[in-house]
Amino acid sequence: AAAQFQLLVPVAVVFAPGSLPRDLPRPLPFRDMQEMEIPVSVRTSVTSRYEMLYRSITAQEEAALDAATAREADAALHPLQDASLGSLTLYVVPETSPLLPQGINAYVGKHRSALVRAVGTLPALRSRLQQLTQVMSFTASSITAALSDRVPDGQPGPDGRRNLKSSLGYEITFSLLNPDPKSHDVHWAIEDAVTRYVQPVLDKLSLVANFSVDSQILYYAVLGVTPRYDKESSSFLLSAHSLPHVINPVEARLGSSAASLYPVLNFLLYIPERSHSPLYIQDKDGAPVSTNAFHSPRWGGILVYNVEAPASPQASLPLHVDVDMARVMEVFLAQLRLLFGLSRDELPPDFLLESPGNEGLADWELDRLLWAHTVENIATVSTTLTSLAQLLDKIGNIVIKDDVASEVYRAVASAQSAMAKLATGHLHPAFQASKEAATSSERAFFDPSLLHLLYFPDDQKFAIYIPLFLPMAVPILLSLAKIIRETRQKKKEPTKMD
């Protein structure tokens, strides 16, 4: 069905003293609406609205902006802001403000606010604010990417194929691959590393989905590609084009993701065997990859961890290896961000982003994920229910149970509620409603009472009933044949008398 999405982002634009543009149309405070159409496809339209409230700074906010650095100002402003998900507060500071470094016109903090350098006229300020609001909420490309799989004639962007699809849960598996345990006795403090580095990120993402984490060590598991020996560097090289072939044989050893209800993300730490050490990954241009790692969209990532050769050739094997988990987790967390589409690549050069620290993602990045997932969930519900309706149309003699009907009604009602909440700028309840809608539509689609009808076509009915009728049919058929023979005989007899 055609879907008209309306996304409303509430934005407060707060002017510090000495930052007002010359050409304000009316005195502060005033509201202003900016609209943007996002072209997705013929049948799906997305309108994004930015509801701008222009106002003067409060005394508390002004005191917070007296901080020495932008980072300290961001921390001090945080408790004074509208903390609801999806809302933004943009502080316009004077052109000469010491908070913004030379050449930087906007600073995006850890939470839901940013600092913007003032500019003389309102149109110039508006274009700067528009860039910021898109960075911090959603861009045309992030919304089209979310809808690309769900919309019949949508064009998937480059991100659409890379990002994980929205799900109610994800399973994360960390695997240590030690193909040569005779040479390397490898120890990794994975539980401690998960607690220290991964858990804070998953706690932040717990709004989006449920996560489960497990780990395993696999011995004698080798990569599917033999690396090439390079004489100059006396090391072994894996080139970019051979990387896809690395995953398949390893995946067979990883344990089944088929048993899992949710998408599985694999993070592999590979210790090359002694005969192939050191092992380096090359990019498409043949340059070494600085992290010595690569990731595969929607699947996970692999990090090659080289063990230093022993100083003396007489060293006893296996070598004791303690993995530097901080270095490893830094790479895996970067890959996790990439898989969730939290990469920070589409930024103007005069924007400065605060690093999210050990939480792994800023509040506005979480919002960005929720905007995309909410839209995607609603589109998924629409596709699921449409497919269900088409299937039920094809089966004439179907009986739909009440609980299936109520799940369908619930899915439709929740999806409509999510659409309404998006249009009023309430991101958190919209996301929750979209999750409920997705759950209900899945339940209806996979209801056991419908499943056996879908997999019970007519030819199967014949195959089941014919063996039951055959024993009865034999005497009936024989007597029918006998009757036919006798009537034929009777027809032939009168002609003989002539």
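Keep in mind that what you see is a predicted model, and the values were worked out from it rather than measured.

Calculation criteria
Residues numbered from 1 in each chain as written. Predicted model: local features only at pLDDT ≥ 70, side-chain atom pairs only at ≥ 80, totals over all residues. Heavy atoms only, no water. Helix = DSSP H or I, 4+ residues; strand = E, 2+ residues; numbered from the N terminus. Rg over C-alpha atoms; globule rule 2.2 N^0.38 Å. Buried < 20%, exposed > 50% of the residue type's maximum accessible area, 1.4 Å probe, protein only. Contact = heavy atoms within 4.5 Å. Areas by Shrake-Rupley, 256 points an atom, 1.4 Å probe, with all protein chains shown as cover. Phe/Tyr/Trp six-rings, centres within 6.5 Å; stacked < 30°, edge-to-face > 60°. Pairing = 2+ DSSP bridges. Axes fitted to C-alpha atoms, helices over the stretch in contact; angles between N-to-C directions. Polar contact = N/O pair within 3.5 Å; in protein donor to acceptor, adjacent residues only side chain to side chain. UniProt positions renumbered as here; feature names shortened; annotations may be inferred. Bend = angle between axes of the 7 residues up to and from the residue. Salt bridge = Lys/Arg side-chain N within 4 Å of Asp/Glu carboxyl O.

1. Overview of the overall build of the chain
Consideration 1: Helices and strands together make up the secondary structure of the chain, namely 12 helices and 17 strands.
Consideration 2: Here the chain has a C-alpha radius of gyration of 32 Å; the compact-globule value for 498 residues is 23 Å, and the former is much larger.
Consideration 3: Structurally, the chain occupies a C-alpha span of about 130 × 80 × 35 Å along its principal axes.
Consideration 4: The buried share among the 498 residues of the chain stands at 47%.
Consideration 5: Pairs at least 24 apart in sequence give 76% of the contacts found in the chain among residues at least 6 apart.
Consideration 6: Carbon and sulfur atoms provide 57% of the accessible area of the chain, an area that totals close to 25500 Å².

2. Observations concerning the packing of aromatic side chains
Consideration 1: Throughout the structure, instances matching the rule amount to 12 aromatic pairs.
Consideration 2: When the centroid spacing of 6.0 Å and the interplanar angle of 65° are considered together, the rings of Phe211 and Phe340 count as edge-to-face. Taken as a pair, Phe211 in strand 9 (residues 210-219) and Phe340 in the loop between helix 7 (325-339) and strand 17 (351-353) lie far apart in primary sequence, 129 residues in all.
Consideration 3: An aromatic cluster of at least three residues, connected via ring pairs, comprises Phe15, Phe30 and Tyr54.

3. A closer look at the sheet that holds strand 12 (residues 264-270)
Consideration 1: Across the sheet, 5 strands lie side by side as 9-7-12-15-14; this open sheet has mixed pairing. Every interior strand has two partners, whereas the edge strands, strand 9 and strand 14 (293-296), have only one. Between one strand axis and the next, the sheet turns by 15° as a mean value, whatever way the strands run.
Consideration 2: Here 10 bridges tie strand 7 (residues 169-178) to strand 9, and the two strands are oriented parallel to one another. Considered in strand 9, the bridge of Asn178 is made with Tyr219.

4. Details of the sheet that holds strand 11 (residues 235-238)
Consideration 1: Taken in spatial order, the 3 strands of this open sheet run 10-11-13, and their pairing is mixed. In this open sheet, the two strands that pair with only one neighbour each are strand 10 (228-230) and strand 13 (279-281). Each neighbouring strand pair of the sheet contributes to a mean axis angle of 40°, computed without reference to strand direction.
Consideration 2: Note that strand 11 and strand 13 share 3 bridges and pair parallel. Its bridge partner lying in strand 13, Leu238 is registered against Ile281.

5. Things to note about the side chain of Thr374
Consideration 1: Structurally, Thr374 can be placed in helix 8 (residues 363-394).
Consideration 2: Within the structure, the side chain of Thr374 is placed 2.5 Å from the backbone oxygen of Leu370, a separation counted as a polar contact.
Consideration 3: The contacts of Thr374, once residues within four sequence positions are left out, are Leu422, Leu427, Ala430, Phe431 and Ser434.

6. Considerations on the UniProt feature "transmembrane region" (unreviewed entry) in the chain
Consideration 1: The UniProt entry lists residues 462-484 under the feature "transmembrane region" (unreviewed entry), expressed in the numbering used here.
Consideration 2: Its end C-alpha atoms 27 Å apart, residues 462-484 is made of 100% helix and 0% strand.

7. Description of helix 5 (residues 190-205)
Consideration 1: Helix geometry: helix 5 is bent most strongly at Val198, by close to 50°, with proline Pro200 lying one to four residues after it.
Consideration 2: The complete set of buried residues in helix 5 reads Ile190, Ala193, Val194, Val198, Val201, Leu202, Lys204 and Leu205.
Consideration 3: The elements touched by buried residues of helix 5 are strand 7, strand 9, helix 7 and helix 8.

8. Brief notes about the pairing of strand 6 (residues 113-117)
Consideration 1: Judged by how many residues are buried, strand 6 sits mostly within the fold: 5 of 5 residues are covered.
Consideration 2: Side-chain alternation along strand 6 places Ser113, Leu115 and Arg117 on one buried face and Ala114 and Val116 on a second face that is also buried.
Consideration 3: Summarising the sheet, strand 4 (residues 88-93) and strand 6 pair through 5 bridges and their orientation is parallel. Bridge pairing links Thr89 to Ser113 in strand 6.
Consideration 4: Of the strand pairs in this sheet, strand 5 (residues 106-108) and strand 6 are connected by 3 bridges, and their pairing is antiparallel.

9. Some details on the pairing of strand 12
Consideration 1: Most of strand 12 is tucked away: 7 of the 7 residues are buried.
Consideration 2: Both strand 7 and strand 12 contribute to a ladder of 7 bridges, which runs parallel. Residue pairing for strand 12: Glu171 is matched across the bridge by Val264.
Consideration 3: In this sheet, strand 15 (residues 300-304) lies alongside strand 12 in parallel orientation, the contact comprising 5 bridges. Residue pairing in the sheet places Asn266 in a bridge with Gly300 of strand 15.

10. Quick word on the pattern of salt bridges
Consideration 1: Following the criterion strictly, the structure yields 13 salt bridges and no others.
Consideration 2: Here Arg49 makes a salt bridge to Glu35, at a shortest N to O gap of 2.6 Å. Residue Arg49 is located in strand 3 (residues 44-56), and its partner Glu35 is located in strand 2 (residues 30-39); the two are separated by 14 residues in the primary sequence.
Consideration 3: Its relative accessible area of 49% is what places Glu35 among the partly exposed residues.
Consideration 4: By sharing partners, the salt bridges in this structure join Arg112, Lys204, Glu359, Asp363 and Asp367 into a single network.

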